[in-house]
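# Chain and residue survey
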Amino acid sequence: MSKARGNLVEGAVTFVIGLGLWLFTGDVEIPVFTLTKVGIVMMCVGGVLAAAGLWQEARRKA
């Protein structure tokens, strides 16, 4: 698997896990942080990873 495809897959999985946290953990309380905010951060990181994978794939083919 190329680095570009790995970044794309890793970003998509991270985004989906973050989306799940954001959607389904609204009533879960943890003393240090809220899981919905962790979900939002994971979605942002996953989006950046997926975008980097797409960028690397486009640069490789050009």
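Residues numbered from 1 in each chain as written. Predicted model: local features only at pLDDT ≥ 70, side-chain atom pairs only at ≥ 80, totals over all residues. Heavy atoms only, no water.

Each helix and strand counted, the protein has 2 helices and 0 strands in total. Relative to the globule expectation of 11 Å for 62 residues, the C-alpha radius of gyration of the protein, 14 Å, shows a markedly less compact shape. With respect to the principal axes defined by its C-alpha atoms, the protein has extents near 50 × 15 × 15 Å. Across the 62 residues in the protein, those meeting the buried criterion constitute 24%. Just so you have it, the protein exposes about 4600 Å², and 71% of that area is on carbon and sulfur atoms. (Helix = DSSP H or I, 4+ residues; strand = E, 2+ residues; numbered from the N terminus. Rg over C-alpha atoms; globule rule 2.2 N^0.38 Å. Buried < 20%, exposed > 50% of the residue type's maximum accessible area, 1.4 Å probe, protein only. Areas by Shrake-Rupley, 256 points an atom, 1.4 Å probe, with all protein chains shown as cover.)

With that settled, consider the UniProt feature "transmembrane region" (unreviewed entry) in the protein. With numbering aligned to this structure, UniProt lists the feature "transmembrane region" (unreviewed entry) at residues 7–24 and 30–55. Secondary structure content for residues 7–24 is 100% helix and 0% strand, and the end C-alpha separation is 26 Å. (UniProt positions renumbered as here; feature names shortened; annotations may be inferred.)

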